[in-house]
Amino acid sequence: MGADIVACIDISGSMQGSKIDSVRDTLKYIISQLGSRDRLCLITFNHQATRLTRFHLCSTAGEGHRLLMHSVEAVKASGGTAINTAFSLALDVLETRTEKNDTAAVLLLSDGQDNVTFDYRYLLARASKAGVPFFTFGFGADHDSALLSKLACGAGTFTYVAASSDFEEAFAGCIGGVKSTVYRDFQVNVNAILAADGLQVAVAKVNSTYPYFVEGSTAKIEFGDLFSEEKREFVVEFLIKIDENAGKSATTASEIKIASVQGAYTDVLCGSAATFSSPHLLTLPLITEVPANVLPNALVVREELRFLTVNAMEAAVLSAEAGNYAGSTEGLQVSLAIFSRTVSDAYNVEFLDFMRLDVVRPRQIPEAEWAFVWALVLDIRDCQQRCASKATLERGSAAEYSKFDAYKKQRVTYSSNTIGMSSNMQMLWNVQSARSSAMQSISKARK
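About the criteria used
- Residues numbered from 1 in each chain as written.
- Predicted model: local features only at pLDDT ≥ 70, side-chain atom pairs only at ≥ 80, totals over all residues.
- Heavy atoms only, no water.
- Buried < 20%, exposed > 50% of the residue type's maximum accessible area, 1.4 Å probe, protein only.
- Helix = DSSP H or I, 4+ residues; strand = E, 2+ residues; numbered from the N terminus.
- Arc of directions from axis to C-beta.
- Contact = heavy atoms within 4.5 Å.
- Expected span 1.5 Å × (residues − 1).
- Salt bridge = Lys/Arg side-chain N within 4 Å of Asp/Glu carboxyl O.
- Axes fitted to C-alpha atoms, helices over the stretch in contact; angles between N-to-C directions.
- Parallel < 35°, antiparallel > 145°, perpendicular 65-115°, else oblique.
- Nonpolar A, V, L, I, M, F, W, Y, C, P; charged D, E, K, R; others polar.

Undergrad: Would you mind showing me how to read helix 4 (residues 121-130) here?
TA: Helical geometry: 3.6 residues make up each α-helical turn, so side chains three or four residues apart lie on a common side. For helix 4, the set of buried residues is Leu123, Leu124, Arg126 and Ala127. The buried residues of helix 4 occupy an angular sector of 155 degrees when the element is viewed end-on, so they sit on one face. For helix 4, the exposed residues set more than 90 degrees away from the buried face come down to Arg121, Tyr122, Ser128 and Lys129. Check the buried side of helix 4 and you find it contacts helix 3 (83-95), strand 6 (134-139) and helix 5 (145-151). Backbone geometry just downstream of helix 4 places glycine 131 in the positive-phi region, at approximately 70 degrees.

Next comes the structure, spelled out in structure tokens:
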């Protein structure tokens, strides 16, 4: 399996010195590790974007490898920063390919603020149509994390890179994930069964941080590309009514049919479109009263709490960046109270005040779920501290954008202690942060 990688590198004046040296070393390392079927295109940008190379195969025995290495050596830092020019040129390169590999991705690294005011809506629409993920990387304290998070479109993510020594690991983790892509354009349709068994079933609500659409009795969720061993979680709520004119058939059955689930995707390994072999019927046992001491479905509770957390963190950072620090921290306080009530109600326990640090785990909540809950609580509290003032926000906004982008996409290709994401969260979405793990993924894909 081969990949088409477009690397867009900021070479503005602020990248001079050790920064640009680390970028050169990282690009050389990536070129040397990619497989013989992989192709790399190099774009640099300052006040304008320049395509240094066309797509070249990375085989060490080929001419493309030599040309790529030579182009990397020639990279120099100077000028301003116009991110839109690199984004646009990367799209031009992707859209005009006469040959295509199995997967493709754009990696864009910047350490500065955009020097031009630009409306990115048209470029983002083009990127969505191209169907290629854009992975963005913000380096240092001065980059525009809000913009880079916005530009991490499709299945791409925004990653905060604290130190130039981390470039290699961050890029390697991302490419390792791209090389392990197994499904493209993965989507799931949840179809409510209409008036079945004397029941009226309708889709009431969808909890998903990925794009979704509800049309009549069908909820459609679009997940984009999935890496090897990744999973995606979402919750669909149904409104179920017993049809009074249907007799007693609905109330005498031992279980009721609720919905069917179907999926469609492109299998990267064989290059063909596929669907789930047969619809999976969702059924529920019919009960007249809730038995005592029944625990809620942990997966549903987890997803509800994740959804609440990512929305709270995103709203808080956006509010703080607008200068409303008090409103941001107060909003997170309210969200933490809602979080506390949600957990308490889900497990039918007395109110758990997670604004305190001495909360004791009730016996009704399993230890694994308690650890998950506290991981989210600590991330919310950490976000609250970072959004408290202009000074703390300037030091921490990039980490918060990187963190809640990982929550939204349920994907982490690189993580560091600077980001501060709880280890429990990293484990959920197949973190590929270690260079050895990422390069192992690349090596497997080369075979």
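Picking up after the structure, the text goes on.
Undergrad: Help me out: how do you make sense of helix 8 (residues 298-321) in this one?
TA: With 24 residues, helix 8 extends 35 Å from end C-alpha to end C-alpha; this agrees with the ideal 34 Å at 1.5 Å per step. Looking one or two residues past helix 8, glycine 323 carries a phi angle of roughly 95 degrees, positive in sign.

Undergrad: Help me understand the pattern of salt bridges in this model?
TA: Two side chains bearing opposite charge may form a pair once their charged atoms approach each other closely. The final tally for this structure, using the stated rule, is 28 salt bridges. The shortest N-O distance in the salt bridge between aspartate 21 and arginine 24 comes to 2.6 Å. Within this pair, aspartate 21 and its partner arginine 24 are both found in helix 1 (residues 18-33), separated by 3 residues, close to a single helical turn. A salt bridge links arginine 232 to glutamate 230; its shortest N-O distance comes to 3.1 Å. Among the residues examined, arginine 232 registers a relative accessible area of 13% and is labelled buried. In this structure glutamate 230 comes out as buried when scored by relative accessible area, which is 12%. Taken together, the salt bridges that share partners define one network made up of Asp379, Asp382, Arg386, Glu400 and Lys403.

Undergrad: Looking at this model, I keep getting lost on the packing of helix 1 against helix 2 (residues 63-73). Mind explaining?
TA: Each pair of packed helices can be described by the angle between their axes along with the distance between the axes. Viewed as axis vectors pointing N to C, helix 1 and helix 2 meet at an angle of 175 degrees, and their least axial separation amounts to 9 Å. Put simply, helix 1 runs roughly antiparallel to helix 2. Residue-level contacts link Arg24, Leu27, Lys28, Ile31 and Ser32 of helix 1 to His65, Leu68, Met69, Val72 and Glu73 of helix 2. Residue composition of the contact of helix 1 with helix 2, by class: 5 nonpolar, 2 polar and 3 charged.

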